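# Fold and geometry: a report
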Amino acid sequence: MLNSRLLLLSTLALTATSVAHAELADVRKRGELRVVMSGEYPPFSQPAPDGSLTGFDADVAREIAKRLGVRARLIKAEFPSIIAGLQAGQFDLAVASQSKTPERERAVDFLSRPYYYDGLQLVVPASSSVRSLAGLGGKPVAVAQGTIFEKFLRDRKYSNVATYSGEQEIFLALGAGRAAGMVTTRTVGSVAIKNGQKLRLAGPVLQQDNPYITLGKNQPRLKAAVEKAMASMRADGTLKRLSLKYLGSDITVPAK
Amino acid sequence: MLSTLSTVFTPDALAALWRGAQITLALTLLSSVFGLILGLVAGLGRMSRLAPVRLLAGIYIETFRGTPLLVQLFFLFFALPQITGVSLPAFNTAVLGLSLFAGAYAAEIIRGSLNAVDRGQTEAARALGLKPWDILRLVLIPQAARTAVPALGNQFIGLLKDSSLASVITVSELLLTTRGLVSITYQPVPLYLAVALIYFLLSNVAARLFALLERRLNRPYRTSTA
């Protein structure tokens, strides 16, 4: 009986329209913008030596807060928790390299434009000779749970999808031979290789992947303020500068 | 190998591990204290003569003992703010969740230890004219503490390791800090070994403290048999 009560409560929680949302006025009053990101997703977000977060997503978040005239508080959360926390009002904004899917659009609001342009990429151990998904012949392909990489494989009906909680476990799995390949973005794969992972990009980009900044629903004023901050960062070259700094090239405009 | 170690365990990485360990310790200590208080209240509640109090204590204990801590933390962090509109910071939510969880187990340990005190003790105290509250405070709790400490010690050392679940609600304790370090160094083996060692040392220190406490509580019994 107790369990069924808990179940009922959690069902209520999931269907309840979000009430605890901080609108722009709350953020200003608090003097702090709470921005969530993975924190384990180099070069987009990763720990800095002093324990804070650094990377492209982290600096974009700081820049947005600066332009809103508030402090930035960066919070690190596992990927599946990011949307749940936005809905619960635990975070104001996610600068977390999230791509758009219909399911996510029902749960949170997306800004009008992507903040960078990337692509899905199959990555395999350096010793592997595989050039495409089909070439893997049903061996396990690792993806982070709840990501569009997982969705991509499921939509393709790939027969052997292995889900892990994050990219770091996947690198481990590839090293240990538990997976024959992984799907991530071209940028993340390239950086891991540059940092000494014995991996290789296999074949061309599988699908365009254009991540967005997201926030909880029904916050039109906060959304407008963030859109404005992003527009000014594009106009004055800040976004491009951050992309060059962390990603080695400008991926904030669509590839030609 | 040694050169790998010095590139993984830089002063910055060690400082990060130390910060994580402090948060883990703070989580454990705070929720042990609150858990003990909750456990005492719920344990006594379950022995109450008033049926509604017994029922309430029973519901609390069964709810938090019968569901996974992970689910409780998720619920408190993600669902509760949507139902109540109150949203606690992540650290406070973790302390709340761990305390409620620890309290449910501590309640049963405490109830068991109180029941284990010989019935004659209560009867003798009552015959001497002690009030119920004084019987509890002066007669039952001192004797029950002796039998409860080993089990409670077990429970709180378990809590030290359970506190790593707070990482799922964004508290940067020891485990989440380590995961972050793994993501920049790509060196999981030395880092996870180090984190295991830190947890081991912390629980070992805790075990020794509880052993000391146990010896202290046993002192009156040792002299009487000598």
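Everything quoted here is computed from the prediction, not taken from an experiment. (Residues numbered from 1 in each chain as written. Chains lettered and ligands numbered in written order. Predicted model: local features only at pLDDT ≥ 70, side-chain atom pairs only at ≥ 80, totals over all residues. Heavy atoms only, no water.)

## Topic: the UniProt feature "transmembrane region" (unreviewed entry) in chain B
Residues and elements named next belong to chain B. Taking the numbering used here, the UniProt-annotated feature "transmembrane region" (unreviewed entry) corresponds to residues 25-45, 57-80 and 192-213. Span residues 25-45 is 100% helix and 0% strand, its end C-alpha atoms 29 Å apart. This span, residues 57-80, is 92% helix and 0% strand, and a straight line between its end C-alpha atoms measures 21 Å. (UniProt positions renumbered as here; feature names shortened; annotations may be inferred. Helix = DSSP H or I, 4+ residues; strand = E, 2+ residues; numbered from the N terminus.)

## Re the packing of helix α6 (residues 119-127) of chain B against helix α7 (residues 132-162) of chain B
Residue and element names in this part refer to chain B. Between α6 and α7, the shortest axis-to-axis distance is 10 Å and the interhelical angle comes to 155°. Relative to α7, the element α6 is oriented roughly antiparallel. Considering the relative orientation of α6 and α7, their crossing is right-handed. In this structure, α6 uses Gln121, Thr122, Ala125 and Arg126 to contact α7, whose residues at the interface are Ile135, Val139, Leu140 and Gln143. In terms of residue class, the contact of α6 with α7 is built from 4 nonpolar, 3 polar and 1 charged. (Axes fitted to C-alpha atoms, helices over the stretch in contact; angles between N-to-C directions. Parallel < 35°, antiparallel > 145°, perpendicular 65-115°, else oblique. Left-handed = near helix turned anticlockwise from the far one by under 90°. Contact = heavy atoms within 4.5 Å. Nonpolar A, V, L, I, M, F, W, Y, C, P; charged D, E, K, R; others polar.)

## Side note on the UniProt feature "domain: ABC transmembrane type-1" (unreviewed entry) in chain B
In the numbering used here, UniProt assigns the feature "domain: ABC transmembrane type-1" (unreviewed entry) to residues 21-210 of chain B. With 84% helix and 0% strand, the stretch residues 21-210 of chain B has end C-alpha atoms that lie 20 Å from each other.

## Let's talk about a nonpolar patch on the surface
Taken together, the side chains of Leu30(B), Val33(B), Phe34(B), Ile37(B) and Val41(B) make up a nonpolar region of the molecular surface, amounting to roughly 450 Å² of accessible area. Within the fold, Val41(B) resides in helix α2 (residues 11-46). (Patch = residues over 30% accessible without salt bridge, like charges linked within 9 Å, V, L, I, M, F, W, Y side chains within 5 Å. Areas by Shrake-Rupley, 256 points an atom, 1.4 Å probe, with all protein chains shown as cover. Salt bridge = Lys/Arg side-chain N within 4 Å of Asp/Glu carboxyl O.)

## Thoughts on the sheet that holds strand β5 (residues 93-98) of chain A
All names here are of chain A. The strand order across the open sheet formed by 5 strands is β4-β1-β5-β12-β6, and the pairing between neighbours is mixed. The open sheet has two free edges, formed respectively by β4 (71-76) and β6 (109-110), since each of these has just one partner strand. Pairing of strand β1 (residues 32-37) with β4 involves 6 bridges; the strand directions are parallel. Each residue of the ladder has a partner; that of arginine 34, found in β4, is arginine 73. (Pairing = 2+ DSSP bridges.)

## As for the UniProt feature "domain: Solute-binding protein family 3/N-terminal" (unreviewed entry) in chain A
The sites that UniProt annotates as "domain: Solute-binding protein family 3/N-terminal" (unreviewed entry) are residues 32-250 of chain A. Between the first and last C-alpha atoms of residues 32-250 of chain A the distance is 29 Å; the span itself is 37% helix and 27% strand.

## Remarks on the domain arrangement of chain A
All names here are of chain A. One can read the domain layout of chain A as domain 1 (15-116 + 211-247) and domain 2 (118-209). With 15 residues of domain 1 at the contact, the number on the domain 2 side is 16 residues. In total, domain 1 and domain 2 occlude about 1,200 Å² of area from one another, counting both sides; carbon and sulfur atoms represent 60% of this. Note that glutamate 103 is salt-bridged to lysine 151, the shortest N-O span being 3.9 Å. The interface formed by domain 1 and domain 2 holds 3 residue pairs in polar contact (both at pLDDT 80 or more) in total. Looking at the side of domain 1 that touches domain 2, the elements with two or more residues in it are α4 (79-87) and α5 (102-107). (Domains from an automatic or database assignment. Buried area = accessible area lost by both parts, 1.4 Å probe. Polar contact = N/O pair within 3.5 Å; in protein donor to acceptor, adjacent residues only side chain to side chain.)

## Focus on the interface of chain A and chain B
Contact with chain A, which involves 39 residues of that partner, is made by 30 residues of chain B. The junction of chain A with chain B conceals about 2,900 Å² of combined surface from both sides, 62% of it contributed by carbon and sulfur atoms. On inspection of chain A and its partner chain B, the count reaches 2 salt bridges. Among the ionic pairs, Arg179(B) bridges to Glu169(A), the shortest N-O distance being 2.8 Å. For the interface between chain A and chain B, the tally reads 5 residue pairs in polar contact (both at pLDDT 80 or more). If you list the elements that add at least two residues to the side of chain A that touches chain B, you get α1 (2-15), β2 (46-47), β4, α4, α7 (167-175) and α8 (186-194) of chain A. Sort the elements by how many residues they give to the side of chain A that touches chain B and α1(A) lands first, with 6 residues. Across the side of chain A that touches chain B, the residue classes break down as 19 nonpolar, 15 polar and 5 charged.

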